[in-house]
Amino acid sequence: NKQPGSLSLALDGTLKQGHDMRVFGLGTAASMASRERYARFTASMHAVYGAMEEELDRSAVISPAIGAAWSRHGATLRRAKALQADLADVLGGAEAASAASSAAAAPLAQGGTSPATARYVAGIREAGASDRAAGAGGAQSHGTGGGARVLGPPS
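The rules behind the values
Residues numbered from 1 in each chain as written. Predicted model: local features only at pLDDT ≥ 70, side-chain atom pairs only at ≥ 80, totals over all residues. Heavy atoms only, no water. Helix = DSSP H or I, 4+ residues; strand = E, 2+ residues; numbered from the N terminus. Buried < 20%, exposed > 50% of the residue type's maximum accessible area, 1.4 Å probe, protein only. 1 Å grid on protein atoms, 1.4 Å probe; cavity = no way out; pocket = protein on both sides within 12 Å on 5 of 7 lines; lining within 4 Å. Points joined across faces, edges and corners; volume = space filled by probe spheres on them. Phe/Tyr/Trp six-rings, centres within 6.5 Å; stacked < 30°, edge-to-face > 60°. Salt bridge = Lys/Arg side-chain N within 4 Å of Asp/Glu carboxyl O. Polar contact = N/O pair within 3.5 Å; in protein donor to acceptor, adjacent residues only side chain to side chain. Contact = heavy atoms within 4.5 Å.

**Student:** Explain the overall build of the chain to me, please; I cannot follow it from the model alone.
**Tutor:** Counting its secondary structure elements, the chain contains 9 helices and 0 strands. Ordering the α and β elements of the chain from the N terminus gives α-α-α-α-α-α-α-α-α. Residue burial in the chain is summarised as follows: out of 155 residues, 27% are buried.

Below, the structure written as structure tokens:
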């Protein structure tokens, strides 16, 4: 999905510019240090991608700009279904009973996210609602819909 000119490649560049990649890499490695950590990481990513996909689905109907971008790139960017399958795999099988009672599984049973992930998801929801409110007011017809606030002006 890292095709020249793709949204995925642009977002990758934004990630590299906005994060200390050494710290980012260490965090990624730490999230894979055990099944429990990987389950927490996967649950958090599922919450984020699920919220993003739902908000883009809702906003795409109202905003032609978001609709065009999401219809073009949505199939490549959607991850919630795969993350849900990963999470079921990581928590399933012989370890399902012990995972359900482990300290790592407790946050999953209580909604699946940390407070930081919950705040991030709330931000996604707020941005989606803001985009739809702007779209309902006609802002999208002037190219000033919410996508410009998130991704910057088109180049």
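**Student:** What is the right way to look at the layout of surface pockets in this model?
**Tutor:** One water molecule sets the probe size; rolling that probe over the atoms shows where empty space is left. When its volume is computed, the second largest pocket comes out at roughly 150 Å³. If you trace the second largest pocket, you find 11 residues lining it, with Q3, S6, L7, H73 and T76 closest to the centre. Counting residues per element, the ones that place at least two in the lining of the second largest pocket are helix 1 (7-18) and helix 4 (64-77). The greatest single-element share of the lining of the second largest pocket, amounting to 4 residues, is contributed by helix 4.

**Student:** Even after reading the chapter, I still don't get the packing of aromatic side chains, so can you show me in this structure?
**Tutor:** Any aromatic ring pair is given by two values, namely how distant the centres are and how the planes are angled relative to each other. If you walk through the whole model with that rule in mind, you get 1 aromatic pair. With centroids separated by 6.4 Å and ring planes inclined at 35°, the aromatic side chains of Y38 and F41 adopt a geometry described as tilted. Pair noted here: Y38 and F41 are both in helix 3 (residues 35-62), with a separation of 3 residues, about one helical turn. Take Y38: its relative accessible area is 25%, and that puts it in the partly exposed class. What makes F41 partly exposed here is its relative accessible area of 31%.

**Student:** For this particular structure, what's the right way to read the pattern of salt bridges?
**Tutor:** Side-chain pairing between opposite charges can occur once the charged atoms of the two side chains come close. For the structure on display, the rule yields 7 salt bridges. Salt-bridge contacts for E55 lead to R125; the nearest nitrogen and oxygen are separated by 2.9 Å. Here R125 lies in helix 8 (residues 115-136) and E55 lies in helix 3, a separation of 70 residues in the sequence. You can call R125 partly exposed: its relative accessible area is 29%. Between R78 and D57 there is a salt bridge; the shortest N-O distance is 2.4 Å. Residue R78 is located in the loop between helix 4 and helix 5 (80-91), and its partner D57 is located in helix 3; the two are separated by 21 residues in the primary sequence. With relative accessibility at 36%, the residue R78 sits in the partly exposed group. According to the relative accessible area criterion, D57 is partly exposed, its value standing at 33%. Each of E54, E55, R58, R125 and R132 takes part in a single network of salt bridges with overlapping partners.

**Student:** Hey, could you run me through the side chain of E55 in this one?
**Tutor:** Of the residues examined, E55 reaches a relative accessible area of 4% and is grouped as buried. Within the structure, the side chain of E55 is placed 2.9 Å from the side chain of R125, a separation counted as a polar contact. In this structure E55 touches I124, R125, G128, A129 and R132, once residues within four positions along its chain are discounted.

**Student:** In this structure, what is going on with the environment of T113? I would like to understand it.
**Tutor:** Within the secondary structure, T113 is located in the loop between helix 7 (105-109) and helix 8. The exposure class of T113 is partly exposed, given its relative accessible area of 25%.

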